[in-house]
Amino acid sequence: PNTNSLKHILAKTIEEYEEQDNNNDDDQFKYDKDELISEIQQLNSYNNKLHGIMLHEKSDQNVIENNVLYGNTDGIALWHSSNNIIQNNSITENNRGVRANEGSNNNIITNNRILTSAEYGVYFYKNANNNSVNDNILRNNSVAIYIKTEKNTISKNVIEDNITGIYFLEGA
């Protein structure tokens, strides 16, 4: 299936879907504010030009769990999307594992394996506030957690064999 068919799905759950080698400028799995997705689980999304999964423009209160995401620019990207739970995913060999942009607040990133990210395992842009990163394994990333924002919680993670463990920048 092509991604245009996925962009306008109104559903409660997307399960057991595989998409690979998407070289278009479209995001692989992109959900906008009008989407009714509440669970995204058991996906294999890899070798895409942009994102494995992207929550875009107020895609709030979703659960992203039990997915395999690798070889993408971002494994999971959040843009102005809040109150999401990202848990129990395998996020490997992306440029950035999980990226939360401005206006992505109160998200929980827990119990994920985030490995071998070329840039950042977890990246919080400026004004991505009150997010929680806990109980994850962050290994072999350039920077495990990179934070340019404030009021985020980092606890009980395994952070090992990265070039830099946690990097705070500009008022974080």
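Residues numbered from 1 in each chain as written. Predicted model: local features only at pLDDT ≥ 70, side-chain atom pairs only at ≥ 80, totals over all residues. Heavy atoms only, no water.

Peer 1: For this particular structure, what's the right way to read the overall build of the protein chain?
Peer 2: Looking only at helices and strands, the protein chain features one helix and 19 strands. Burial analysis of the protein chain (172 residues in total) assigns 49% to the buried set. Considering only residue pairs separated by 6 or more positions, the protein chain has 41% of its internal contacts joining residues 24 or more positions apart. When the accessible surface of the protein chain is totalled, it reaches about 7,800 Å², and 42% of it is carbon and sulfur. (Helix = DSSP H or I, 4+ residues; strand = E, 2+ residues; numbered from the N terminus. Buried < 20%, exposed > 50% of the residue type's maximum accessible area, 1.4 Å probe, protein only. Contact = heavy atoms within 4.5 Å. Areas by Shrake-Rupley, 256 points an atom, 1.4 Å probe, with all protein chains shown as cover.)

Peer 1: Sorry, what's going on with the packing of aromatic side chains here?
Peer 2: Each aromatic ring pair is summarised here by two numbers: the centre-to-centre distance and the angle between the ring planes. Under the defined criterion, the tally for this structure stands at six aromatic pairs. For the ring pair Tyr123 and Tyr146, a centre distance of 5.0 Å and an interplane angle of 80 degrees mean the geometry is edge-to-face. Note that Tyr123 is positioned in strand S13 (residues 120-124) and Tyr146 in strand S16 (residues 143-147), a separation of 23 residues in sequence. Here Tyr123 and Tyr146 have matching classes, each one buried. Feature note: the residues Tyr120, Tyr123, Tyr125, Tyr146 and Tyr167 constitute an aromatic cluster, connected by ring pairs. (Phe/Tyr/Trp six-rings, centres within 6.5 Å; stacked < 30°, edge-to-face > 60°.)

Peer 1: Any chance you could explain the confidence of the model for the protein chain here in plain terms?
Peer 2: Detailed reading of the predicted model is not advised wherever pLDDT is low. Chain-level pLDDT for the protein chain is 84 on average; 78% of the residues reach the 70-or-more range. Taken as a whole, residues 1-18 scores under 50 in pLDDT and shows 44 contacts with residues more than four places along the chain or in a different chain. (pLDDT = per-residue confidence, 0-100.)

Peer 1: What's the story with the nonpolar core in this structure? I'm lost.
Peer 2: Side chains of nonpolar character tend, in soluble globular proteins, to be buried together. Core analysis: the biggest nonpolar cluster contains 22 residues, and Ile76, Val122 and Phe124 have the highest contact counts within it. No other element matches S16, which puts three residues into this core. Sequence-distant contacts of Ile76, defined by excluding residues within four places in its chain, comprise Ile53, Ile64, Leu69, Ile86, Asn89, Ile91, Gly97, Val98 and Arg99. (Core = buried A, V, L, I, M, F, W, Y, C linked by side-chain atoms within 4.5 Å.)

Peer 1: Whenever I open this one, the pairing of strand S7 (residues 74-79) confuses me. Can you help?
Peer 2: Where a strand is regular, its side chains alternate between the two sheet faces. Within S7, five of the six residues are buried, which leaves the element mostly enclosed by the surrounding structure. With five bridges joining them, strand S4 (residues 51-56) and S7 adopt parallel strand pairing. When the bridges of S7 are listed, His51 appears paired with Asp74. Here S7 runs beside strand S10 (residues 96-100); their pairing, made up of four bridges, is parallel. Residue pairing across strands places Ala77 opposite Arg99, the latter belonging to S10. (Pairing = 2+ DSSP bridges.)

Peer 1: For this particular structure, what's the right way to read the environment of Thr116?
Peer 2: Mapped onto the fold, Thr116 is located in the loop between strand S12 (113-115) and S13. C-alpha separation for the pair Thr116 and Ser142, spaced 26 residues apart in sequence, amounts to 7.5 Å. Residues within four places of Thr116 in sequence aside, it is in contact with Glu93, Asn94, Arg139, Asn140 and Asn141.

Peer 1: Please explain the pattern of salt bridges as it appears in this structure.
Peer 2: Side chains that carry opposite charge are capable of pairing whenever their charged atoms lie near each other. Enumeration according to the criterion identifies four salt bridges in this entry. The residue Arg96 makes a salt bridge to Asp74 at a minimum N-O spacing of 2.6 Å. Of this pair, Arg96 sits in strand S10 while Asp74 sits in strand S7, and the two are 22 residues apart along the sequence. Across this residue pair, the class does not change: Arg96 and Asp74 are buried. When salt bridges that share partners are traced, they join Asp74, Arg96, Arg99 and Glu119 into one network. (Salt bridge = Lys/Arg side-chain N within 4 Å of Asp/Glu carboxyl O.)

Peer 1: What's the story with a nonpolar patch on the surface in this structure? I'm lost.
Peer 2: Taken together, the side chains of Ile159, Ile166 and Phe168 define a hydrophobic patch exposed on the protein surface, amounting to about 240 Å² of accessible area. In this fold, Ile159 is placed in strand S18 (residues 158-160). A residue is classified by how much of its surface remains accessible, and Ile159, at 30% relative accessible area, is partly exposed. (Patch = residues over 30% accessible without salt bridge, like charges linked within 9 Å, V, L, I, M, F, W, Y side chains within 5 Å.)

Peer 1: I'm lost on the side chain of Asn67 in this one. Help?
Peer 2: Looking at where Asn67 falls in the secondary structure, it is placed in the loop between strand S5 (63-65) and strand S6 (68-70). Classification of Asn67 as buried rests on a relative accessible area of 1%. Only 3.0 Å separates the side chain of Asn67 from the backbone nitrogen of Gln42, close enough to count as a polar contact. (Polar contact = N/O pair within 3.5 Å; in protein donor to acceptor, adjacent residues only side chain to side chain.)

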